[in-house]
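# Results of the structural survey
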Amino acid sequence: MKLDKFSRTNVRISPNATIGSNVKIGDNTIIYDNVKIGDNTIICNDCVIGEPLNAYYSDKENYENPVTIIGANSLIRSHSIIYADNILGDGLQTGHRVTIREGSVIGNNCSIGTLCDIQGKTVWGNYVRLHSNVHICQGTKIGSYCWIFPYTVFTNDPTPPSEKCIAPTVGDYSVVATHSLLLPGVVIGSHCLIGAHTMVSKNVEDYSVVVGSPGKIVKNVREVIDRETGSPHYPWPTRFSRGMPWEGDDWENWQGD
Amino acid sequence: MKLDKFSRTNVRISPNATIGSNVKIGDNTIIYDNVKIGDNTIICNDCVIGEPLNAYYSDKENYENPVTIIGANSLIRSHSIIYADNILGDGLQTGHRVTIREGSVIGNNCSIGTLCDIQGKTVWGNYVRLHSNVHICQGTKIGSYCWIFPYTVFTNDPTPPSEKCIAPTVGDYSVVATHSLLLPGVVIGSHCLIGAHTMVSKNVEDYSVVVGSPGKIVKNVREVIDRETGSPHYPWPTRFSRGMPWEGDDWENWQGD
Amino acid sequence: MKLDKFSRTNVRISPNATIGSNVKIGDNTIIYDNVKIGDNTIICNDCVIGEPLNAYYSDKENYENPVTIIGANSLIRSHSIIYADNILGDGLQTGHRVTIREGSVIGNNCSIGTLCDIQGKTVWGNYVRLHSNVHICQGTKIGSYCWIFPYTVFTNDPTPPSEKCIAPTVGDYSVVATHSLLLPGVVIGSHCLIGAHTMVSKNVEDYSVVVGSPGKIVKNVREVIDRETGSPHYPWPTRFSRGMPWEGDDWENWQGD
């Protein structure tokens, strides 16, 4: 490009940050103390990485920013804010204006869409895909290969306001469609499909399809059939592989490897 | 103002951008290669215009930023991100923190509210109004004089995740109220009213009022009556003209012109 | 911290702004004319304070920015935009990327979460808590000690689009749970609990629990019982005090003070 995207204009980097090789950092981005960024990662413009925790404001003199790790081969798009005290795996991709509060451990090859708000203290497996504008509450546990679609909200307070924090859990390969709501503490099994506009208020067994508000189990995911081919749509890894570790292979073979 | 809003502090503009006459560009804004901005347009502070596409990250050496056009007499409010490869008409107004991904063709005199997320490859008519925080999926078609209210989401994947992309279509003069959801591929006719909190799962004929989840047609829009005056509220252009081309005239006369 | 969070890099402050003692202002922040910031307040990086109103764009020569007041001991987190012509009380805390349009009067000790969008001309009491991504429409009235949870939207146009603006009112101590929608003009009493995913379409008496779409009153809040202790959860101030003026005291005693 004629206008260099990474010209280091108005970039500020702590002398205590550790920047891997071949890392690019965009204009107007700030990298705070004790951030470690893996090789080949790109942090775009106007980002804040290692945002100091609230304790900084109450005792600046003694505040020490916790370690923040962003893995290798990641792409953090512009205007994102990642707090200190996160461990983010390799190959993370974010959209724009993502917020990740402190205390999460996120696996490898995850993606987090534009405007997502991750409230902190969450634990994720690998290959999780969050589309735009998803709100993940504090304490959430998400397995691997999960898909969460826009405007879905995870909640953790059963009697708001309270001091309780009972977050949802989502099992491997489950899909939560757009505009859904997970009530506090619900446990969704593996390979589930939560339909659009659904409010999940009870635990959900593996391979369930849930729709409605409050949500009800209406069928087994294997019963969702493609009208044209007559073959089942789910479990989805049997027919979708883009960006997944079984890409170019067959999911069942890959599992057997 | 004593503090100049357009002092050109920390502005970066590609030598390959084409800037019309009387254009203003706010602080900390970046304009990438091959952006063309029409006369009298204002781009506020902290915007990114002509954001390079993902292909840039995979092959920087050969990447050429596609042409991006922002029409004349537009106002792009602060912190907005407009990707390359968009054609945006004259008189566009955006709120803050709008994101417009690549490949859309947007008509004249549209407005896009704060936090809206336009996913790309969409086609719009003229005088479309999006209020805050609307999510428009890839491939959407919107007619002219449409109104879309906050937290409405358009979706395009009938069996997520999949490689299918079957986006909704909205006809001229239709209104989609707050917190609604359009399922993949639905076609909404002209002059429809989609009520708040509605999930549209089937095609909708012209002049229909749809409410509920899943949405049902409950009446003709002409049957929505003002209790005080006894006259119908819809079609809305008969009683509302602010900012519309029939302002100061009568809509039916104007149509006849 | 080794990297100073408040190094005054790329900060622009109007000569007509009034900055209290011990105020900190983060990088890339702009403070426009006639802003008054109280003592000990922290404005973080990349904020816009006193954003000029739309009238600025139509007549720059004669435009005078209205007075904007941010109280003492406040913390405005990064990337927030606060328009001119607001009066914000002491002890305000915001998340990131908050937008506050013009014309609001907000009491003391309120908090406004990440991505909230306050549309202007609203009136709030004290100790109001908005979690992330709440949309408050123009003209809303909120009492004191209210809690509003994520992705809740307040609306004010009964027949969109129209020139009518009939905003909701929420009484003291009421709680509106996640993903709810308040239709135009609804009046919610005091000590109510609006459940998650609820659409409030009618006025709600004091102490009501409302759920569903459209919402129905299903019980009195005093009937929401903790299964473990057998004691009532509501009114919530009897069991929750963090950050409230009765913290360390008993709510009923405190009221009697």
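Residues numbered from 1 in each chain as written. Chains lettered and ligands numbered in written order. Predicted model: local features only at pLDDT ≥ 70, side-chain atom pairs only at ≥ 80, totals over all residues. Heavy atoms only, no water.

To continue, consider the overall build of chain A. Of regular secondary structure, chain A possesses 2 helices and 30 strands. Over its C-alpha trace chain A gives a radius of gyration of 20 Å, about what one expects of a compact globule, namely 18 Å for 257 residues. Once the C-alpha set of chain A is aligned to its principal axes, its extents read approximately 60 × 50 × 35 Å. Buried positions account for 62% of the 257 residues belonging to chain A. Of the contacts formed within chain A by residues at least 6 apart in sequence, a portion of 24% connects residues at least 24 apart. (Helix = DSSP H or I, 4+ residues; strand = E, 2+ residues; numbered from the N terminus. Rg over C-alpha atoms; globule rule 2.2 N^0.38 Å. Buried < 20%, exposed > 50% of the residue type's maximum accessible area, 1.4 Å probe, protein only. Contact = heavy atoms within 4.5 Å.)

Between chain C and chain A, the residue contacts involve 43 residues of the former and 51 residues of the latter. Taken together, the two surfaces of chain C and chain A that pack against each other cover about 3700 Å², and 57% of this comes from carbon and sulfur. Put simply, chain C and chain A have 4 salt bridges between them. With a closest N to O distance of 3.6 Å, C:Asp226 and A:Lys164 form a salt bridge. At the boundary of chain C and chain A, one finds 23 residue pairs in polar contact (both at pLDDT 80 or more). Its residues placed into classes, the side of chain C that touches chain A shows 16 nonpolar, 16 polar and 11 charged. (Buried area = accessible area lost by both parts, 1.4 Å probe. Salt bridge = Lys/Arg side-chain N within 4 Å of Asp/Glu carboxyl O. Polar contact = N/O pair within 3.5 Å; in protein donor to acceptor, adjacent residues only side chain to side chain. Nonpolar A, V, L, I, M, F, W, Y, C, P; charged D, E, K, R; others polar.)

Turning our attention to the interface of chain B and chain A. Residue-level contacts link 51 residues of chain B with 43 residues of chain A. Summed over both sides, the interface between chain B and chain A buries roughly 3700 Å², with carbon and sulfur atoms accounting for 58% of that surface. Looking only at chain B, the three residues that lose the most surface to chain A are B:Arg12, B:Tyr57 and B:Pro161, adding up to 18% of its buried area. Between the two partners, chain B and chain A, sit 4 salt bridges. Among the salt bridges present, the one from A:Asp27 reaches B:Arg12, with a minimum N-O distance of 2.6 Å. Our count for the contact surface shared by chain B and chain A stands at 23 residue pairs in polar contact (both at pLDDT 80 or more). Residue assignment for the side of chain B that touches chain A shows that the elements contributing at least two residues are β1 (12-13), β4 (30-31), β7 (48-51), α1 (55-58) and β10 (81-83) of chain B. Of the residues in the side of chain B that touches chain A, the class split is 22 nonpolar, 20 polar and 9 charged.

What follows covers the sheet that holds strand β30 (residues 215-220) of chain C. Pairing between the strands of a sheet comes from backbone hydrogen bonds, and it takes one of two forms, parallel or antiparallel. Residue and element names in this part refer to chain C. Taken together, 11 strands build an open sheet; the order of strands is β3-β6-β9-β12-β15-β18-β21-β24-β27-β29-β30 and the sheet is mixed. Every interior strand has two partners, whereas the edge strands, β3 (24-25) and β30, have only one. Note that strand β18 (residues 129-130) and strand β21 (residues 147-148) share 2 bridges and pair parallel. Looking at β21, one finds that Leu130 is bridged to Ile148. (Pairing = 2+ DSSP bridges.)

Residues and elements named next belong to chain A. Taken together, Val67, Ile69, Ile87, Val105 and Val123 make up a surface patch of nonpolar side chains, about 360 Å² in accessible area. Among the secondary structure elements, Val105 is positioned in strand β14 (residues 105-106). Judged by relative accessible area, which is 40%, Val105 ranks as partly exposed. (Patch = residues over 30% accessible without salt bridge, like charges linked within 9 Å, V, L, I, M, F, W, Y side chains within 5 Å. Areas by Shrake-Rupley, 256 points an atom, 1.4 Å probe, with all protein chains shown as cover.)

Residues and elements named next belong to chain C. Secondary-structure assignment places Ser144 in the loop between β20 (141-142) and β21. According to the relative accessible area criterion, Ser144 is buried, its value standing at 14%. Beyond its immediate sequence surroundings of up to four residues, Ser144 is in contact with Gly125, Asn126, Val128, Asp172 and Tyr173.

Between the two copies, chain C and chain A, the superposition gives an RMSD of 0.0 Å; the rotation angle is 120° and the shift along the axis is 0.0 Å. Taken together, these values place the two copies in the relation of a three-fold axis. (Least-squares fit on C-alpha atoms with pLDDT ≥ 70 in both.)

If you rotate chain B by 120° and push it 0.0 Å along the axis, it lands on chain A with an RMSD of 0.0 Å. Comparing interface residues between copies, only 20% of those in chain B also sit at the interface in chain A, which points to a heterologous contact through distinct surfaces.

Turning to a negative patch on the surface, a few remarks are in order. A cluster of acidic residues, C:Asp249, C:Asp250, C:Glu252 and C:Asp257, forms a negative patch at the surface. C:Asp250 sits in the partly exposed class, given a relative accessible area of 37%. (Lys, Arg positive; Asp, Glu negative; His and termini not counted. Charge placed at Lys NZ, Arg CZ, Asp CG, Glu CD.)

The subject of this paragraph is unusual backbone geometry. Cis rather than trans, the peptide bond between A:Ser213 and A:Pro214 has omega equal to 0°. In this structure, A:Pro214 sits in the loop between β29 (208-211) and β30 (216-220). For the bond from B:Tyr234 to B:Pro235, the omega torsion is 0°, close enough to zero to count as cis. Structurally, B:Pro235 can be placed in the loop between β30 (215-220) and α2 (251-256). Positive phi outside glycine occurs at A:Leu115, with the angle close to 75°. One can find A:Leu115 in the loop between β15 (111-112) and β16 (117-118).

Take the side chain of C:Asp33 next. Relative to the assigned elements, C:Asp33 resides in the loop between β4 (30-31) and β5 (35-37). Of the buried charged residues, C:Asp33 lacks a salt bridge, with B:Lys2 as the closest side chain of opposite charge at 5.8 Å. Reaching out from C:Asp33, the side chain makes a polar contact with the backbone nitrogen of B:Lys2 at a distance of 2.7 Å.

Another aspect to go through is the environment of B:Pro52. Tracing the backbone through its elements, the reader meets B:Pro52 in the loop between β7 and α1. Note on B:Pro52: relative accessible area 1%, which makes it buried. Along the chain, B:Pro52 and B:Asn65 lie 13 residues apart, while their C-alpha atoms are 6.1 Å from each other. Excluding residues within four positions of it along the chain, B:Pro52 makes contact with A:Met1, A:Lys5, B:Tyr32, B:Tyr63, B:Asn65 and B:Tyr83.

A full pass over the atoms with the stated rule returns 15 salt bridges over all chains. Ionic pairing is found between C:Arg242 and A:Glu163, a salt bridge with its closest N-O pair at 2.9 Å. With C:Arg242 in the loop between β30 and α2 (251-256) and A:Glu163 in the loop between β22 (153-154) and β23 (169-170), the pair connects residues from two separate chains.

Residue and element names in this part refer to chain B. Strands sit in the order β3-β6-β9-β12-β15-β18-β21-β24-β27-β29-β30 across an open sheet of 11 strands; the sheet is mixed. For this open sheet the edge positions go to β3 (24-25) and β30, each flanked by a neighbour on one side alone. Note: strand β27 (residues 193-194) against strand β29 (residues 208-212), 2 bridges, orientation parallel. The partner of Leu193 across the bridge, within β29, is Val209.

All right, on to the side chain of C:His79 then. Structurally, C:His79 is set in the loop between β9 (75-76) and β10 (81-83). Here C:Ser78 takes part through its side chain, which lies 2.8 Å from a polar atom of the side chain of C:His79. Excluding its chain neighbours within four sequence positions, the residues that come into contact with C:His79 are A:Asp46, A:Val48, A:Ile81, B:Arg97, C:Asn45, C:Asp46, C:Cys47, C:Arg97 and C:Val98.

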